[in-house]
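Results of the structural survey
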Amino acid sequence: MKYNIKVSFALLLLFLARLGDAQAPTSQPAVFDITKYGATSNGDISKAVLDAFKEACASTSPSTIVIPKGTFQMAQVKLQGPCKAPLELQVQATLEANEDPKQLSADIEWLTVNYIDRFTLSGGGTFDGQGKAAWAQNNCKDSKSCGNLPNNLSFNFLTNSTIQDITSQDSKLFHVNVNGCKNLTFIRVNITAPPESINTDGIHVARSSNVNITDCIIGTGDDCISVGDELEQLHITRVTCGPGHGISVGSLGKTSGEKPVVGVYVRNCTFINTDNGVRVKTWPASHQGVVTDLHYEDIIVQNVTNPIVIDQVYCPYNQCNKDLPSQVKISKVSIKNVRGTSRTQDAVLLLCSKGVPCEGVEVGDIDIAYNGKEGPAKSRCENVKPTLVGKQNPPVCAGAQSA
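Right, let's walk through the structure included here. This one's a predicted model, so the numbers in the text were calculated from it and none came from an experiment. (Residues numbered from 1 in each chain as written. Predicted model: local features only at pLDDT ≥ 70, side-chain atom pairs only at ≥ 80, totals over all residues. Heavy atoms only, no water.)

All told, the structure shown has 4 aromatic pairs when counted by the stated rule. Here the aromatic rings of W110 and F127 are separated by 6.0 Å at their centres, their planes lie at 85°, and the arrangement is edge-to-face. Taken as a pair, W110 in the loop between β6 (94–96) and β7 (111–114) and F127 in strand β9 (residues 126–128) lie far apart in primary sequence, 17 residues in all. You'll find W110 and F127 in the same group, each marked buried. (Phe/Tyr/Trp six-rings, centres within 6.5 Å; stacked < 30°, edge-to-face > 60°. Helix = DSSP H or I, 4+ residues; strand = E, 2+ residues; numbered from the N terminus. Buried < 20%, exposed > 50% of the residue type's maximum accessible area, 1.4 Å probe, protein only.)

Judged by which residues are buried, strand β4 (residues 77–80) turns out to be one-sided: V77 and L79 face inward and are buried, whereas K78 and Q80, on the alternate face, are not. Two strands pair when backbone bridges link them, and β4 and β7 are joined in this way by 4 bridges, in the parallel orientation. Bridging from a neighbouring strand, K78 pairs with T112 of β7. (Pairing = 2+ DSSP bridges.)

Let us now look at the environment of H204. If you trace the backbone, H204 turns up in strand β16 (residues 203–206). Considered as a pair, H204 and Q76 are 128 residues apart in the sequence and their alpha carbons are 20 Å apart. In contact with H204, other than residues within four places in its own chain, are F174, V176, N177, V178, S226, V227 and G228. A distance of 2.7 Å separates polar atoms of two side chains, one belonging to H204 and the other to S226. (Contact = heavy atoms within 4.5 Å. Polar contact = N/O pair within 3.5 Å; in protein donor to acceptor, adjacent residues only side chain to side chain.)

Scanning the model with the defined rule gives 11 salt bridges in all. For K329, the salt bridge identified is with E359, shortest N-O distance 3.3 Å. Residue K329 is found in strand β27 (residues 328–342), and its partner E359 is found in strand β29 (residues 359–369); the two are separated by 30 residues along the sequence. Of the residues examined, E359 reaches a relative accessible area of 47% and is grouped as partly exposed. Salt bridges sharing partners connect three or more residues here, namely D223, R279 and K281. (Salt bridge = Lys/Arg side-chain N within 4 Å of Asp/Glu carboxyl O.)

Take the layout of surface pockets next. Its boundaries defined by the atoms lining it, the largest pocket holds a volume of some 1100 Å³. As for the largest pocket, its lining consists of 36 residues, and the residues nearest its centre are F174, N199, S251, W283 and Y314. Elements with a contribution of two residues or more to the lining of the largest pocket: β13 (176–179), β16, β19 (225–227), β22 (247–252) and β24 (276–282). Class assignment for the residues of the lining of the largest pocket results in 14 nonpolar, 12 polar and 10 charged. (1 Å grid on protein atoms, 1.4 Å probe; cavity = no way out; pocket = protein on both sides within 12 Å on 5 of 7 lines; lining within 4 Å. Points joined across faces, edges and corners; volume = space filled by probe spheres on them. Nonpolar A, V, L, I, M, F, W, Y, C, P; charged D, E, K, R; others polar.)

This paragraph deals with the side chain of D128. Here D128 lies in strand β9. A distance of 3.4 Å separates polar atoms of two side chains, one belonging to D128 and the other to Q169. When sequence neighbours within four positions are dropped, the list of residues in contact with D128 reads L95, E96, A97, W110, Q169 and D170.

Attention shifts here to the state of the cysteines. Evaluation of the coordinates by the stated rule reveals 5 disulfides. The disulfide bridge from C57 ends at C83, spanning 2.1 Å between sulfur atoms. Because the torsion about its S-S bond is -105°, the bridge between C57 and C83 counts as left-handed. With C57 in helix α2 (residues 46–58) and C83 in the loop between β4 and β5 (87–91), this residue pair connects regions lying 26 residues apart in the sequence. There is no split in this pair, since C57 and C83 are both buried. The disulfide partner of C381 is C397, and the S-S distance across this bridge is 1.7 Å. Between C381 and C397, the disulfide has an S-S torsion of -75° and is therefore left-handed. Taken together, the residues C381 in strand β30 (residues 378–382) and C397 in the loop between β31 (387–393) and β32 (401–402) connect sequence positions 16 residues apart. In this structure C181 is not part of a disulfide, and its nearest cysteine sulfur, from C83, lies 14 Å away. (Disulfide = S-S within 2.5 Å.)

Within a sheet, each strand pairs with its neighbour through backbone hydrogen bonds, oriented either parallel or antiparallel. In spatial order, the strands read β4-β7-β10-β13-β16-β19-β22-β24-β26-β28-β30; together these 11 strands make up an open sheet with parallel pairing. With partners counted over all chains shown, the strands left at the sheet margins are β4 and β30, one partner each. Neighbour to neighbour, the strand axes of the sheet diverge by 15° on average, direction disregarded. Direction of pairing for β19 relative to β22: parallel, over a ladder of 3 bridges. Bridged to I225 within β22 is I247. (Axes fitted to C-alpha atoms, helices over the stretch in contact; angles between N-to-C directions.)

Right, here's the structure in full:
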């Protein structure tokens, strides 16, 4: 009898404990609304953002900083981790940078986010860099101080993080700069600027690993996506590019000590009225470097000037000695199922280095038309012997080996 009483009592305690757990409120992310920190639509919200971030970053539970709908001005802001728990910056508003480049420091980006694990930028909002006044001074052909401007967004040393459902508009320099990140995903990011917005790369990625760019629309005055050195595993999927200079690996080789680019995958992407489609570019008279494991597949080009191009004599504004070959080694490249139209006859340009010729290049199922008066589309190849698979229109590298 005593045993039964003890068992019944234990079961009762267990039931009450579980009932208490069921009724206990679930933990919700802490919300930090910048309007509670003094932000108004009539003033600069940068202090309110920094104050909200300071508290959110110190929180031991997940937190969300909210910039609500409306239009706000924001000066240059740096959000510096590490933080104690996952953190989301939810931008629902349109944020406007100062129009005057002289009022901004070139050493600080407009919004910088550093050293945070599990960071999310979201909300459907817009970062308007108001860059029109800056583009005239950013012409490297005419100005020695070109590039001396802030990027719209800079992400440095983030891990396991996501940038989603935001728009970058009219940046003064690059829209997005990625450096030293690991496991970073961009999804449904829109980037927009007119063709005359010089040096406004959409997303520039370097010194990072496992970066994914998916379901993005990018139209700007420079590369839609550009790839710097020391990069491993970049996956670009379902990106629409145009206007712009295409998706470019490089330029590489200009600086001593550059580390390899390994593993770039571009799939199911569309290029509309761009200067290039898929492109690899290295400087002549360059330092040594390595680019390997590049794969392009299921690409649509519409009225693109150079749909497929490897350019190892990349030398804008005659800044180099074209007589000395590039020392950047390109290998293990596959280009498959590229279809559409070229704005010029040069549908396929594989212009590799005479110093270190390209190796392991495979080209297959190319169907690119040119309807100009000069004649049909054509290819041109130097210092490369690609393996050809399937059909090629135009014929690629006459005399190359067919698989």
